[in-house]
Every structure is written in C-alpha cells, then in structure tokens.
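Below are the chains, spelled out letter by letter.
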Amino acid sequence: MKNETQQHPSWVQEYIDSPEKQQMLYKKTLKIVILSQIFGGAGLAAGITVGALLAQDMIGTESAAGLPVALLTLGSAGAALLVGRLSQRFGRRIGLAAGFFAGGLGAIGIITASLLNSILLLFLSLLIYGAGTATNLLARYAGTDLATPKQRATAVSMAMVSTTFGAVAGPNLVDVMGNFAQSIGIPPLAGPFILAAAAFILAGTVLFIFLRPDPLIVSTAVAKAQEKTNRVQKKQTLDNPNTNKSGIVVGATIMVLTQLVMVAIMTMTPIHMEHYGHGLRAVGLVIGFHIGAMYLPSLFTGVLVDKVGRTAMAIASGATLLFSGLVAAFAPGHSMGLLIFALILLGVGWNFGLISGTALIIDATHPTTRAKTQGSVDVLVALSGASGSALSGMVVAHSSYTALSLSGAVLSLLLIPVVVWSHSTQRKEKVNSLS
C-alpha cells in the first residue's frame, strides 16, 4: 500500500500553490492541537500524582514506588515509536488519535486492577496508559508541520501551554476524584485514573474528528514540490533527503537529560512528602505547581527559543535544573514552600530543555521522515524517564531524597558541555560551507 503521506491528492495541490492557505491550515491545526492538549494534560497528571502511592499501597514496599512511573514511561517509549510510525504512514490524525485512545484504555485497566487488587494487571495497564503520555508529548509536533522556521518553537510552546489547564487541574482534583471513587466502591487512589480515562479518550476524539486536512500530509507534499524546483541548484533525491544528524543528536541529548533529571526527582517527591506527614491534598498541590511550571512557561519559552536561540535556552535549562536539584536536596522536608519552589524550578528547567531540544529536532529533519524521527527521539526521552523513575526509588530506599536530588543537579551540568560542543560544531560547519 502506498503511504498516505507520499500521495498527492488533488486537494493538496491547493496548499502547494498557496502559502496563504498553508498559514491558514497552520493556525487551524494549532487550535485543534491546543484543544486536545487541554484534555491530554488532565490525563497525564494522574500517573504522576498518585501512581507511586498506588503501587506502594498495593505492593507494600517503598522500593517499588518508582515502578509505576517507570512502567508508564516505558510504555510511552514503545507508544512513541508506534505513534511516530503511524503518523508517518497515515498522518498525524490517525497516529495521535490511536495513541490517546490506547492511553484511555490503560487508565480503565488501572482502575480495574485496583478493584481486583491485581498487581500484574496494574503493571500491564500502566504500560498501556503510557501511550497517552507519549501522545500528549508527540502532539506538540503537529502544530509545527506547517510552521516557518521562525514559528517552530513558538508553535511548540502554544501547543504545550494549553496542556497547563488540564495538567494543573488534574493533581488538584486528586481529593475530589478520590472521594468520588470511594463513593462508587473504587479505591480512592484509583480515582484520578477515572479522570485520566475520560480525558485521554476526549483528546483522541477531538483529533480524530477535527484534524483535517492532515498537516503532515500537506507539509510533506509542499516540501516535495519545493525540492523539485530547487533540484537544479542542488542535486537531492526525495528518497534520501538531507538531515542534520548532529542537530538530531544534540536535540535528543538535551531532551533525554532534562527528562531523566525531572522524572527522577518528581517521582519520589510524593513519597518524600509522605514521610513528613503531608497528606494527599498537599501532594496534589506541590505536583500541581510542578506540572504548571512544566507547561505554563511555554507562553514565553517558544518566543525566546526562536529569538534568543536554541543554544542559550538549552544552557538556561541546565542551570535551572541544577538550582532545582540543590533546593530540593537541602529543603527541610516539612517546608511546603521550599518543596513547591524546587518543583517549580524543576518544571521550568524541563520546559526550557524540551522546547529548545524539540526546535533543534524539527530544524534538523525533513518532512518525509520527520514524524518517524520524532517518534524515535521520543522513545529515547521516554526510556530516560523510565530509567530515572526506576532508579529513583532504589536511590531513595538505599540512601535518601537528598542524595537523589544532588545526583540530578550533577547530571544537569552535562547539558552545558553538550550545547557548547554543538554550537562550536555548527560554527565550523558554516565556515566549511562558505569556504
């Protein structure tokens, strides 16, 4: 079967011939992605907020507390690969909708596992639930398909900032959803997953119904048409389009390191707070601030990445994560204010790294392979999150939350030499191309 993204339906020609229609579709796509991200944000918050506590309650040991986030991030790794390939083959609409529907199914499985007290079903469902998390992140790329180079980071930001509404509401509804779950005979810690199931299914429905024409199909056709006109100057076949491999490596490294540090510290914060007598409402408040800080800065991050530069914002990410790890390490466990501050910095540092890294990936890829490459990169990002989550439980169980936070601070420093190396490599490439 011929790939849908490789066909040239007659309606696509209208977009190839009209930059104005491309910009109209770009704006329409952003609106649809923004709406889906509001629901998607509410869905991803459940696993982050109560996943570790639910596992600890069912398994009965603290060393396994990092497993839920590890499993859902491991599931998100596989889902990122599948959603990326589905999107490349059939367009963003099919790929993203399928990912969100799978995430909703996983949330329903988690609720069922808590009712049956089945650890095996819990672990399997967490893997499937991870598809919603992966899709929520991959949706940020859909808004960039028809963006100009100077609009790319801003487009990512607009998609991500909309996640804030659902992502902040989710953790703050933990108590409400817990009480609702208890009233219908479901364990309170499974309550937030009722919200997650509904949210992911709604996000998928919005994309499946309204994401037409598909932006990836249009952008691929436009890129092919442009290359045909440019082939006289520079010989290049569409079967082997140019990509900037060093740009992909650097963008991926930035996102992998920021994800690793963020997930490791975030995962064990609810457990750390429980040790000091903080209740579910307090945990929801801290995680709500953290998730808000992950997405709300997107209001200005994208503009800064487009105007100040990818390199400067990646360095800012490393510095912010370093400061966050130090505050988390030395904050008294009973101090809600300092814990909130540390988790806000953690979210902001992640935001800077994700958007600057994403912009580098988009800059370095070609539309005919972009979705597949983006999915593959997000696999690495998800696996780093899974590793950070699994290891964080072991580190805290055998050492302390302080040691974990200090380790995160040290790891974040690695971002700076990576970015400096990238900047010097790009300068050399520019000099060589001019000579």
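Brief notes about the overall build of the protein
Point 1. Helix and strand content of the protein: 17 helices and zero strands.
Point 2. When burial is assessed residue by residue, the protein has 58% of its 435 residues classed as buried.

Brief notes about the nonpolar core
Point 1. Counting residues in each nonpolar core, the largest one holds 101 residues, and the members touching the most others are Tyr-129, Tyr-295, Leu-346, Trp-350 and Tyr-401.
Point 2. Sorting elements by how many residues they give to this core places helix α14 (residues 336-364) first, with 16 residues.
Point 3. Counting 12 residues, the second largest nonpolar core, distinct from the first, contains Val-12, Ile-16, Leu-30 and Val-218.

Here we look at the side chain of His-290
Point 1. Turning to its location among the elements, His-290 is positioned in helix α11 (residues 280-295).
Point 2. Beyond its immediate chain neighbours, meaning those up to four positions away, His-290 contacts Met-262, Met-266, Leu-343, Leu-346 and Gly-347.

Quick look at the packing of helix α10 (residues 245-275) against α11
Think of two packed helices as two axes; the pair is described by the angle between the axes and how far apart they sit.
Point 1. The N-to-C vectors of α10 and α11 enclose an angle of 165 degrees; their axes lie 9 Å apart at closest approach. Judged by the angle between their axes, α10 and α11 are roughly antiparallel. In the packing of α10 onto α11, the handedness of the crossing is right-handed. Counted together, Met-262, Met-266, Thr-269, Pro-270 and Met-273 of α10 and Ala-282, Val-283, Val-286, Ile-287, His-290 and Met-294 of α11 form the full contact between these two elements.
Point 2. Its residues assigned to classes, the contact of α10 with α11 shows nine nonpolar, two polar and no charged.

Here's the deal with the confidence of the model for the protein
Detailed reading of the predicted coordinates is not advisable wherever pLDDT is low.
Point 1. Put simply, the protein has an average pLDDT of 84, and 87% of its residues get 70 or more.
Point 2. Contacts for the low-pLDDT stretch residues 1-7, under 50 throughout, to residues beyond four places or in other chains number 16 contacts.
Point 3. When the criterion is pLDDT under 50, residues 236-241 qualifies, and its contacts beyond four places in sequence or with other chains add up to 12 contacts.

Side note on the environment of Ile-119
Point 1. Its location among the elements puts Ile-119 in helix α5 (residues 119-142).
Point 2. Relative accessible area serves as the criterion here: at 32%, Ile-119 is assigned to the partly exposed category.
Point 3. Separated by 61 residues in sequence, Ile-119 and Met-58 have C-alpha atoms that sit 7.1 Å apart.
Point 4. In contact with Ile-119, not counting residues within four places along its chain, are Met-58 and Ile-59.

A short note on the pattern of salt bridges
Point 1. Overall, the coordinates contain six salt bridges when judged by the stated rule.
Point 2. Between Arg-92 and Asp-145 there is a salt bridge whose closest N-O contact spans 2.8 Å. Remark: Asp-145 occurs in the loop between α5 and α6 (152-172) and Arg-92 occurs in helix α4 (residues 92-116); sequence separation between them is 53 residues.
Point 3. Given a relative accessible area of 5%, Asp-145 falls into the buried group.
Point 4. Two residues, Arg-310 and Asp-306, come together in a salt bridge whose shortest N-O distance is 3.1 Å. Assigned by exposure class, Arg-310 and Asp-306 land together as buried.
Point 5. Through salt bridges with shared partners, one network takes in Arg-152, Asp-306, Arg-310 and Asp-363.

A short note on the packing of aromatic side chains
Point 1. What the rule picks out here adds up to five aromatic pairs.
Point 2. Between the aromatic rings of Tyr-129 and Phe-200, the centroid separation amounts to 5.6 Å while the plane-to-plane angle is 50 degrees, which identifies the pairing as tilted. Highlighted residues: Tyr-129 in helix α5 and Phe-200 in helix α8 (residues 191-210), separated in sequence by 71 residues.
Point 3. Taken together, the aromatic side chains of Phe-100, Tyr-129, Phe-193 and Phe-200 make up a single cluster linked through ring pairs.
Point 4. Looking at Lys-21, its charged tip hangs above the ring of Tyr-15, at a distance of 5.4 Å from the centre.
Point 5. Across the ring face of Phe-208, the terminal group of Arg-93 is positioned such that the distance to the ring centre comes to 4.7 Å.

Quick word on helix α16 (residues 401-412)
Each turn of an α-helix holds 3.6 residues, which means side chains three or four residues apart point in the same direction.
Point 1. Compared with an ideal rise of 1.5 Å per residue, which puts 12 residues at 16 Å, α16 spans 17 Å between its outermost C-alpha atoms and is within 8% of the ideal.
Point 2. Those residues of α16 lying buried are Tyr-401, Leu-404, Ser-405, Gly-408, Ala-409 and Ser-412. With its buried residues spanning 140 degrees around the axis, α16 presents them on a single face.

Here we look at the environment of Leu-72
Point 1. Mapped onto the elements of the fold, Leu-72 is located in helix α3 (residues 67-90).
Point 2. Note: C-alpha distance between Leu-72 and Gly-132 (60 residues apart in sequence) is 9.2 Å.

A short note on unusual backbone geometry
Point 1. The omega torsion across Arg-212 and Pro-213 is -10 degrees, close enough to zero to call that bond cis.
Point 2. Residues other than glycine seldom take positive phi values, yet Asn-117 does so here, at roughly 55 degrees.
Point 3. Structurally, Asn-117 is set in the loop between α4 and α5.

Focus: the packing of α10 against α16
Point 1. Remark: α10 packs on α16, axes separated minimally by 9 Å, with the N-to-C direction vectors making an angle of 165 degrees. One way to sum up the angle between α10 and α16 is to call them roughly antiparallel. Like other packed secondary-structure pairs, α10 and α16 cross with a definite hand, here left-handed. Where α10 approaches α16, its residues Leu-257, Leu-260, Val-261, Ala-264, Ile-265, Met-268, Thr-269 and His-272 are matched on the opposing element by Tyr-401, Leu-404, Ser-405, Gly-408, Leu-411 and Ser-412.

Focus: a nonpolar patch on the surface
Point 1. Where nonpolar side chains cluster on the molecular surface, the patch consists of Leu-74, Leu-105, Leu-124, Leu-127, Ile-128, Leu-380 and Leu-383 and spans about 570 Å² of accessible area.
Point 2. When residues in the nonpolar patch are grouped by element, the largest group, three residues, is from α5.
Point 3. Here Leu-383 shows up in helix α15 (residues 367-398).

A short note on the side chain of Thr-220
Point 1. Mapped onto the secondary structure, Thr-220 falls in helix α9 (residues 215-230).
Point 2. At a separation of 2.8 Å, a polar atom in the side chain of Thr-220 contacts the main-chain carbonyl oxygen of Leu-216.

Rules and cut-offs
- Residues numbered from 1 in each chain as written.
- Predicted model: local features only at pLDDT ≥ 70, side-chain atom pairs only at ≥ 80, totals over all residues.
- Heavy atoms only, no water.
- Helix = DSSP H or I, 4+ residues; strand = E, 2+ residues; numbered from the N terminus.
- Buried < 20%, exposed > 50% of the residue type's maximum accessible area, 1.4 Å probe, protein only.
- Core = buried A, V, L, I, M, F, W, Y, C linked by side-chain atoms within 4.5 Å.
- Contact = heavy atoms within 4.5 Å.
- Axes fitted to C-alpha atoms, helices over the stretch in contact; angles between N-to-C directions.
- Parallel < 35°, antiparallel > 145°, perpendicular 65-115°, else oblique.
- Left-handed = near helix turned anticlockwise from the far one by under 90°.
- Nonpolar A, V, L, I, M, F, W, Y, C, P; charged D, E, K, R; others polar.
- pLDDT = per-residue confidence, 0-100.
- Salt bridge = Lys/Arg side-chain N within 4 Å of Asp/Glu carboxyl O.
- Phe/Tyr/Trp six-rings, centres within 6.5 Å; stacked < 30°, edge-to-face > 60°.
- Lys NZ or Arg CZ within 6 Å of the ring centre and 35° of its normal.
- Expected span 1.5 Å × (residues − 1).
- Arc of directions from axis to C-beta.
- Patch = residues over 30% accessible without salt bridge, like charges linked within 9 Å, V, L, I, M, F, W, Y side chains within 5 Å.
- Areas by Shrake-Rupley, 256 points an atom, 1.4 Å probe, with all protein chains shown as cover.
- Polar contact = N/O pair within 3.5 Å; in protein donor to acceptor, adjacent residues only side chain to side chain.

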